[in-house]
Amino acid sequence: MKIISSIKDMQLEAKKQMKRGNTIGFVPTMGFLHEGHTSLVKRAREEDDIVVMSVFVNPLQFGPNEDFDRYPRDIKRDEELAREAGVDILFYPHVREMYPEDRTTTLTVNKRVDTLCGESRPGHFDGVATVVLKLFQIVLPDRAYFGLKDAQQVAVIKGLVEDFNVPVEIVPCPIVREVDGLAKSSRNVYLTPSERTDASELSNSLVRAKEAIRSGETSASKIKRLVEEMLQQTVGEIDYVEVLSYPGLKPIEAIDEDIIVAVAVQFSAARLIDNVIVTRSEIPIGV
Ligand code: AMP
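Described below are features of the structure shown in this document. Since this is a predicted model, take the numbers as computed values, not measurements.

**Considering the packing of helix α6 (residues 124–139) against helix α7 (residues 151–163)**
Running from N to C, α6 and α7 cross one another at 55°; their axes reach a closest spacing of 10 Å. Between α6 and α7, the crossing angle belongs to the class labelled oblique. Both α6 and α7 take part in a crossing whose hand is right-handed. Residues F125, V128, A129, V132, L133 and F136 of α6 pack against Q152, Q153, V156, I157, L160 and V161 of α7. A breakdown of the residues in the contact of α6 with α7 according to their chemical character gives ten nonpolar, two polar and no charged.

**Some points on the site of the ligand**
Neighbouring residues of the ligand: 17 residues in total, closest M30, H37, D150, V176 and K184. Taking G147, its main chain carries an N or O atom lying 2.9 Å from an oxygen atom of the ligand. Taking K184, its main chain carries an N or O atom lying 2.8 Å from a nitrogen atom of the ligand. Relative to its unbound accessible area of 480 Å², the ligand is 93% covered by the protein chains. Every element with two or more residues in the shell around the ligand is listed here: β2 (24–29), α2 (35–47) and β5 (143–147).

**What to know about unusual backbone geometry**
Between Y246 and P247 the backbone carries a cis peptide bond, its omega angle lying at 10°. Structurally, P247 is set in the loop between β7 (237–245) and β8 (259–266). Although it is not a glycine, N165 sits at a positive phi angle of roughly 50°. Assignment of secondary structure puts N165 in the loop between α7 and β6 (169–173). Residue class for N165 comes out exposed when judged on its relative accessible area of 65%. Even without a glycine there, the phi angle at L249 is positive, about 60°. As for its placement among the helices and strands, L249 is situated in the loop between β7 and β8. Taking relative accessible area as the criterion, L249 reaches 3% and is therefore assigned buried.

Basis of the calculations
- Residues numbered from 1 in each chain as written.
- Predicted model: local features only at pLDDT ≥ 70, side-chain atom pairs only at ≥ 80, totals over all residues.
- Heavy atoms only, no water.
- Axes fitted to C-alpha atoms, helices over the stretch in contact; angles between N-to-C directions.
- Helix = DSSP H or I, 4+ residues; strand = E, 2+ residues; numbered from the N terminus.
- Parallel < 35°, antiparallel > 145°, perpendicular 65-115°, else oblique.
- Left-handed = near helix turned anticlockwise from the far one by under 90°.
- Contact = heavy atoms within 4.5 Å.
- Nonpolar A, V, L, I, M, F, W, Y, C, P; charged D, E, K, R; others polar.
- Near = heavy atom within 4 Å.
- Polar contact = N/O pair within 3.5 Å; in protein donor to acceptor, adjacent residues only side chain to side chain.
- Areas by Shrake-Rupley, 256 points an atom, 1.4 Å probe, with all protein chains shown as cover.
- Buried < 20%, exposed > 50% of the residue type's maximum accessible area, 1.4 Å probe, protein only.

Put into structure tokens, the structure is as follows:
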């Protein structure tokens, strides 16, 4: 596995691979890798000749009172896990090179961000869109792999790629979970033991919501209430529970199209998110 830090070197390497006729699959991450990340690598390995992973904790997507400084980092461990997972090139850029002082343009995301994490974390998706577009220009991938754990991120990036005609196929991948259902996340290390036990209620509540919809419940507000009642049993504080269209992320009342049930819960030192997508085909006929 090659490790590259310089933007220029990464671009040269990407162009070299393109000239050889190799396709590039790209997995952008903020590091502190777990099976959620390596599942994306596995998928890329199946579909592309060369797999590039980036590890970059992007300061632009953290608000002033968020956990940028505390975000877990361990590049040596990440190198090992990336190598084992089958990454060919690990791109590990420096903040100063990614964001020189003087920038002429900035990106603002206008749609799909007035709800969920976009509402709770103002500016977050501007930072995500900026770094993803920059990384696409540096890594020049044919396909890029994103986890549906961050379903709003997938919706925003799909919009970005369409808006700017970026020649990259966005591949959304399923959420990888712990045995008790908790979605794997780098931030899970910050849960206290009792919070860790309670945290499985996020996925439990989403499983219940999906079951209820599949059994014929069509009221978005009833589904929202069901999930809220379950999450209120945890020690965490609910940030949001929403039932929205997907990927448009519009409020709905009747559940009769592809939808997402999404939650965010703040624990003492970690804010966790999770979601489930229910497609129209899973909703009983007649609804
Ligand atoms: P992060 O390092 O948290 O920015 O995540 C990098 C990529 O891994 C994003 O596309 C995430 O959606 C994805 N990811 C993170 N956790 C999971 C998970 N539990 N299952 C699937 N994908 C995940």
